[in-house]
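Overview (structure and organization)
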Amino acid sequence: MELTRPPAAGSDLDASAWKASACILCECNCGIEILVDPATGGFTKIRGDKLHPSSEGYTCNKALRLDAYQNGRNDRLMSPLRRREDGTFEEVDWDTALEGIAQRLTAIKDEHGGESIFYYGGGGQGNHLGGAYSPATMAAYGARYRSSALAQEKTGDFWVSARMLGRPHRSDIEHAEVAVFLGKNPYQSHGFPRARSVLKEISKDPARSMIVIDPVRTETAELADFHLQLRPGTDLHLVTALVAVLVQEDLIDHDWLAERADGLDAVTAVMRDVPIASHCAIADVPEDLVRAAARRIASADSVAMLEDLGVQMNRHSTVVSYVEKLVWLLTGNFAKPGTQYVFSGLARIARDRGKALDETPRTPVTGAPIISGLVPCNVIPDEILTDRPARFRAAIVESSNPLHSLADSQRMTEAFRALDLLVVIDVALTETALEADYVLPAPTQFEKYEATFFDFEFPRNIFHLRHPVVEAPAGMLAEPEIHARLCELSGAVCEADYAELRAALAEGREAFATAMMRVLTDHRLARLAPVLLYRTLGPTLPGGAAAAAVLWGASVMCAMENPAGVARAGYGDGLMAGDRLFDAILAGQHGVVITDDEYDASWERLGGHRIQLDVPELLEVVAGLTTDDPVPVDRDYPFVLSAGERRAFTANTIIRDGSWRRRDPEGALRLSVSDAAALGLETGDRVRVSTRRGAAEVPVEIVDSMRAGHVSLPNGLGVTSRSGERVGVRLNELTASEDRDEFVGTPWHKYVPARLEKLPAGVTAMTTS
C-alpha cells in the first residue's frame, strides 16, 4: 500500500469513500479500490480489489500511484481549443467547436470524398468505451480508413493467427506445466492476470518449468529454468531451431495433428533440413540448451507460450509469430487447460478469417495491407505527404498520441501539419494535440463510465464496466456525446431516426430488442448503431451510465455468438440472454463473468475449420534462412538499441507527470559491463546516443543483464509540457518509419542501430535532435 497523496486537513475519510475501479496502465486492467479525499478529489490510497473476479486483490506497484495520472501535472484540458490564424489556441464553447469541425469535415468529404478522412486511436489500455462510438462518426462522414497502436504491435500476430486458426488466441499461463515467454518480460509488462504471483508460483514448483527467450536477463528470466539469451535480431533462427529439434527428434504429436491439422508434410519437409547447430550459433545460444528446452516442451502435458513486443517490434516479426505457433501446435498444446485457447469477448478484435496478403484490403496511396481493419502505422506519413488525390486530408485522433508513440516523430509531425484538418479528443494537451486545429477535452478515465475490451480470459471471461470515481469538471463532454453530436451535425442521423426505438423502449427491453434488430437491417442506420443506442437506451440507464449503452449491442452479440458460455455464466438463453448480461455488467462495479466456457469452446469457435500449419509465404522465408550471419552490422551504428523497455517505474505516457517515478527519473540508457569498460563509462556518466534518424543525450546505467552490443531505453518518457519542459528521451525521434516488417509494416522499435559517444563531465542537459 502506498500513500500517494496526504489527506486534506480535517477531511473525513471513511469506508464509503473507497471506490471500485481498475488500473489503466496495461492490458490486464487489474481491479483496484481508490480512497478518495472528498475535500480535494485526491487519491489518498489505492489497493487491489479483492472482489474483482480476475485480479482478486492483486496489483503491482504501478497501479498504486495512479493519483499521478488523475491529479498530477498532466497538462489537463478544461475547454475546447481552436487554432487561430497566427497558430495560437483560443478557448471556444462546445457548440462553436463541434459546428466548426462538422463544417470542415463535410467540406472535405464533399470535395475529396469521405475516404480522405482518417481516424486514429479509440482508447489506450483502459479507455475503449468512448472509441466504440467512433465507427458511427466515421460512417457519418464517409471515412473508411483507421488505425491504432495495435497496428504497430500486433497485426503480424493477428494475421498469422487468422491464417492458421481463423481466430485470435491467448495462452493459459497460470495452469501450464511449461510456460514459454518469447520477447516478453511479464514481470514488468504483465499480459495475464496476477502476473508476478503466477511467475513466482511456477518458479517454485519443481514439476513446472519456465523458458524465456530474450536478449536481456530480465526479472522473468531470473526466475526461469531455461534462459535462451539470444543475440538481438536472431529470434527467427532461434525459434526455427526449436521447431527443428521437435521435428528432427520426432517429438511432435502425430495423432493429434492428423485429427486436427493440415499442412504437416510441408512444415516437416522444411524443418528436417534446418541446420540446428548453425542456427544456434547465429543466435549465440548453446545448442544443448536449445535442445533441452525443446525436449522439455515436448515432454509436458501442457505448454502455454506468450510472445510480445520484443519480437513483434523486431526483425522478421511476422515470420517469428508463425514459427512460434508451430512450437505449440506441433506438440498439440491447444484447447486444453494450461495451453492456448480461443476466447469470447464483447469486441470483435482481430476476427479476420485468414487471407493471403494479396487478398487483403490495401491503403489508398502506398498499397500497404490492412490487417484487422488497421492501416500500418509506419505508412501513415506516406499516405499524407504525397500529391496523389487519394491522400489523407483530415484526421481525427482520439485518446491517442501518435506524434509521440509512432515511429519517426519528425516525419509524423510533418505529415500531420500537412493535413487540412486535425481534430484531437483527449484529456491532456499532448504532443499531437499541440498540432491540432481543434482540441476537444474529455473526462479522465476515473471521471466517467469506462471499460477495456481486452477481455481475453478463459474459461471464465471477465468484463469490467468501471463507474466514475470522481466527478468530471463542469462543462466537460465525454466521447460518446462528442460522437453523437458530430453525427447529428453531419445530417446522417436525426430525431426521426430515434423515434421508433424510443417508442419500442417504452414498451420494454424485449420490444426494444426486436425494434433494434429491424433497424440493423437498414445499412445506413446499422452503421450508426452506437449513436442510436446512446440517444435512445442511454438516457434510461441508471446512474447516468448513458455511455454504456453501446455495451447492450455488444452483450447481445456475445450471447448470440457464445450461447453456451453465456448460459453457463448464469444469464440464460434466448434473445434476452444478452439483455440480462448487459444488466449484470451495468450493476457489477467490480467486474462480472460474461462467459463460462467448456474447453471444447475453442474448437467450436474455429467453426469446424482445421488448423493450417503451412502458411506458404512464411514457410518460404524459413526455408530460405542461410547459415550466414543474417544480422547486418553497420560500423557507424554498431549497437542495437531496444527503444521502449518496460521497467519498474515506467508506464504509458498518459501519466505525463514524471514525478511519479521514484527511481531513474531521466530514464537511463542501460548497457553491459563490457561495453561500459570499452567506452570508459561509469554509471551516471552521460552519452550521446545517435541513430540514423536522430540523437539524444542521456545518463547511463551499467548492468550485468545486457549482452554486449545491446542497449535499452525505457518507455513512457520524453513528454513535453505546455511550458516546453521535457524529461527523458522521446524515443521516436530516434526511430525511422522505413524500418518495418516486410509483411505487415510493424516497426522495429526493438532493433534500432545506434552509436554511443561519451560526453564530457558536467554535461547535464538532455537534448534531442
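Quick caveat, the model's predicted, so the values are computed rather than measured. (Residues numbered from 1 in each chain as written. Predicted model: local features only at pLDDT ≥ 70, side-chain atom pairs only at ≥ 80, totals over all residues. Heavy atoms only, no water.)

1. Quick word on the overall build of the protein
Applied cut-off: By the criteria applied, helices consist of DSSP H or I runs no shorter than four residues and strands consist of E runs no shorter than two, each listed in order from the N terminus. Throughout, radius of gyration means the C-alpha value; the globule benchmark is 2.2 Å times the number of residues raised to the power 0.38. Partly exposed residues are those whose accessible area sits between 20% and 50% of the maximum for their type, while under 20% is buried and over 50% is exposed, using a 1.4 Å probe and protein chains only. Contact criterion: two residues are considered in contact whenever any of their non-hydrogen atoms come within 4.5 Å of each other.
The helix and strand inventory of the protein stands at 28 helices and 27 strands. For the protein, the C-alpha radius of gyration of 26 Å lies close to 27 Å, the compact-globule estimate for 769 residues. Principal axes of the C-alpha set define a box for the protein whose edges measure 70 × 65 × 60 Å. Within the protein, the fraction of its 769 residues that count as buried is 63%. Sequence-distant contacts in the protein: of pairs separated by 6 or more residues, those separated by 24 or more amount to 75%.

2. Comments concerning the packing of helix α14 (residues 317–329) against helix α27 (residues 616–623)
Threshold: To define axes, lines are fitted to C-alpha atoms, for helices over the stretch in contact only, and angles between the resulting N-to-C directions are given on a 0 to 180 degree scale. When an angle is under 35 degrees it counts as roughly parallel; over 145 it counts as roughly antiparallel; between 65 and 115 it counts as roughly perpendicular; any other value is oblique. In the scheme used here, Gly and all other residues not listed as nonpolar or charged are polar, with Ala, Val, Leu, Ile, Met, Phe, Trp, Tyr, Cys and Pro taken as nonpolar and Asp, Glu, Lys and Arg as charged.
Following both chains from N to C, one finds α14 and α27 inclined at 95°, their axes separated by 10 Å at the closest point. In terms of orientation, α14 lies roughly perpendicular with respect to α27. In contact with Thr 318, Val 319, Tyr 322 and Val 323 of α14, α27 contributes Leu 618, Leu 619, Val 621 and Val 622. Tallied by class, the residues present in the contact of α14 with α27 amount to seven nonpolar, one polar and no charged.

3. Considerations on the nonpolar core
Put simply, the rule reads: The set of buried Ala, Val, Leu, Ile, Met, Phe, Trp, Tyr and Cys residues whose side-chain atoms join them within 4.5 Å is what this entry labels a nonpolar core.
Tyr 322, Leu 330, Phe 334, Leu 465, Leu 551, Ile 611 and Leu 613 are the most contacted members of the largest nonpolar core, which has 157 residues in total. Ranked by the residues each element gives to this core, the list is headed by helix α8 (residues 235–248), at 10 residues. If near-sequence neighbours (up to four positions away) are discounted, Ile 611 is found in contact with Met 164, Leu 165, Trp 256, Arg 260, Ala 261, Asp 262, Leu 329, Phe 334, Trp 603 and Leu 606.

4. Some thoughts on the layout of surface pockets
Inclusion rule: Cavities and pockets are found on a 1 Å grid laid over the protein atoms alone: a cavity is a set of points where a 1.4 Å probe fits but cannot escape, a pocket is an open set with protein on both sides within 12 Å along at least five of seven lines, and a lining residue has an atom within 4 Å of such a point. Grid points are joined across faces, edges and corners, and a volume is the space filled by probe spheres set on the points.
Estimates place the volume of the second largest pocket at around 620 Å³. What lines the second largest pocket is a set of 33 residues, among which Ser 54, Pro 193, Glu 457, Phe 458 and Arg 460 lie closest to the centre. Mapped by element, the contributors of at least two residues to the lining of the second largest pocket are β9 (170–171) and β19 (460–463). In the lining of the second largest pocket, the residues fall into 15 nonpolar, eight polar and 10 charged.

5. Topic: the side chain of Arg 291
This is how it is decided: In the analysis that follows, any N or O atom pair within 3.5 Å is treated as a polar contact, provided that within protein one partner can donate a hydrogen and the other can accept it, and provided that, for residues neighboring in sequence, both atoms belong to side chains.
On the secondary structure map, Arg 291 appears in helix α12 (residues 287–299). Since its relative accessible area comes to 19%, Arg 291 is described here as buried. In this structure the side chain of Arg 291 is engaged in a polar contact, spanning 2.8 Å, whose partner is the side chain of Glu 287. Arg 291 has contacts with Val 245, Glu 249 and Ile 276, leaving out every residue within four places of it along the chain.

6. Quick look at the sheet that holds strand β10 (residues 178–182)
Using the following cut-off: At least two DSSP bridges between two strands are required for those strands to pair.
Pairing is parallel in the open sheet, where four strands are placed in the order β12-β11-β10-β14. Both outer strands of the open sheet, β12 (226–228) and β14 (303–307), are each paired with one neighbouring strand and no more. If you compare each strand with its neighbour and ignore which way they point, the axes differ by 10° on average. The pairing of β10 with strand β11 (residues 209–213) spans five bridges and is classified as parallel.

7. Digging into the confidence of the model for the protein
Quick reminder of the rule: Note on scores: pLDDT gives the predictor's confidence for each residue, bounded by 0 and 100.
Mean pLDDT over the protein works out to 94, with 96% of the residues at or above the 70 mark. Taken together, the stretch residues 1–13 has pLDDT below 50 and engages in 38 contacts with residues farther than four places along the chain or on a different chain. For residues 765–769, every residue scores under 50 in pLDDT, and the model assigns this stretch 22 contacts once sequence neighbours within four places are set aside.

8. Re the side chain of Ser 54
Here Ser 54 shows up in the loop between β4 (43–48) and α1 (67–70). On the accessibility criterion, Ser 54 (9% relative accessible area) is buried. Reaching out from Ser 54, the side chain makes a polar contact with the side chain of Glu 457 at a distance of 2.8 Å. Here Ser 54 is in contact with Pro 193, Arg 194, Glu 457 and Ile 462, once residues within four sequence places are set aside.

9. Comments concerning the packing of aromatic side chains
Our working rule: Aromatic pairs are defined between Phe, Tyr and Trp rings, using the six-membered ring for Trp, whenever the two ring centres lie within 6.5 Å; interplanar angles under 30 degrees are classed as stacked, those over 60 as edge-to-face, and all others as tilted.
Applying the stated rule across the entire model yields 17 aromatic pairs. Taking 6.1 Å as the distance between ring centres and 10° as the angle between the ring planes, the aromatic pair formed by Phe 181 and Phe 192 counts as stacked. Taken together, the residues span a long stretch of sequence, with Phe 181 in strand β10 and Phe 192 in the loop between α5 (186–189) and α6 (195–204) at a distance of 11 residues. Relative accessible area serves as the criterion here: at 6%, Phe 192 is assigned to the buried category. With 4.7 Å between their ring centres and 50° between their planes, Phe 343 and Phe 456 make a pair best called tilted. With a gap of 113 residues between them, Phe 343 in the loop between β15 (340–341) and α15 (380–384) and Phe 456 in the loop between β18 (438–441) and β19 connect regions that are remote in the sequence. Taking relative accessible area as the criterion, Phe 343 reaches 5% and is therefore assigned buried.

10. Remarks on the packing of helix α4 (residues 155–164) against α27
Close contact between α4 and α27 brings their axes to 11 Å; oriented N to C, the two are set at 110°. Judged by the inter-axis angle, α4 sits roughly perpendicular to α27. Between α4, through Trp 159, Val 160 and Arg 163, and α27, the contact on the second element is made entirely by Pro 616, Glu 617 and Leu 618.

11. With respect to the pattern of salt bridges
A pair can form between side chains of opposite charge whenever their charged atoms are brought close. Quick note on the threshold: Salt bridges are defined by distance alone: a side-chain nitrogen of Lys or Arg within 4 Å of a carboxyl oxygen of Asp or Glu.
Scanning the entire structure with this criterion turns up 51 salt bridges. Across the salt bridge formed by Arg 348 and Glu 561, the nearest N and O atoms sit 2.0 Å from each other. Here Arg 348, found in the loop between β15 and α15, pairs with Glu 561, found in helix α23 (residues 550–561); they are 213 residues apart in sequence, far enough to count as distant. Note on Glu 561: relative accessible area 33%, which makes it partly exposed. Across the salt bridge formed by Glu 645 and Arg 670, the nearest N and O atoms sit 3.6 Å from each other. Taken as a pair, Glu 645 in strand β22 (residues 639–645) and Arg 670 in strand β23 (residues 669–672) lie far apart in primary sequence, 25 residues in all. Classification of Glu 645 by relative accessible area gives buried; the value is 15%. When salt bridges that share partners are traced, they join Asp 95, Glu 481, Arg 485, Glu 488 and Arg 535 into one network.

12. Some details on a nonpolar patch on the surface
Stated precisely, the cut-off is as follows: Each patch is assembled from residues with relative accessible area greater than 30% and no salt bridge, linking like charges that lie within 9 Å and nonpolar side chains (Val, Leu, Ile, Met, Phe, Trp, Tyr) that lie within 5 Å. Exposure was quantified through the Shrake-Rupley algorithm and a 1.4 Å probe, taking into account, for residues, occlusion by the shown protein chains and nothing else.
A cluster of nonpolar residues, Met 517, Leu 520, Met 557, Met 560 and Leu 575, forms a patch on the protein surface that exposes about 430 Å² of accessible area. Mapped onto the secondary structure, Leu 520 falls in the loop between α20 (509–519) and α21 (523–526). For Leu 520, a relative accessible area of 39% corresponds to the partly exposed category.

13. Structural notes on the environment of Val 711
Within the element layout of this structure, Val 711 appears in strand β26 (residues 710–714). Beyond its immediate sequence surroundings of up to four residues, Val 711 is in contact with Phe 639, Val 640, Leu 641, Ser 642, Leu 669, Arg 670, Leu 671, Met 706 and Leu 756.

14. Quick word on the sheet that holds β18
The seven strands are arranged β6-β5-β18-β17-β16-β7-β8 in an open sheet whose pairing can be described as mixed. Strands at the two margins of the open sheet, each flanked by one partner only, are β6 (89–91) and β8 (145–147). Between one strand axis and the next, the sheet turns through 15° on average, direction left out of account.

15. Some remarks on helix α22 (residues 529–536)
Burial analysis of α22 places eight of its eight residues in the buried class, which makes it a mostly covered element. Of all the positions in α22, only Ala 529, Pro 530, Val 531, Leu 532, Leu 533, Tyr 534, Arg 535 and Thr 536 are classed as buried. Looking at the packing, one finds that the buried side of α22 touches α3 (134–140), α18 (479–490), α19 (495–507), α20, α21 and α23.

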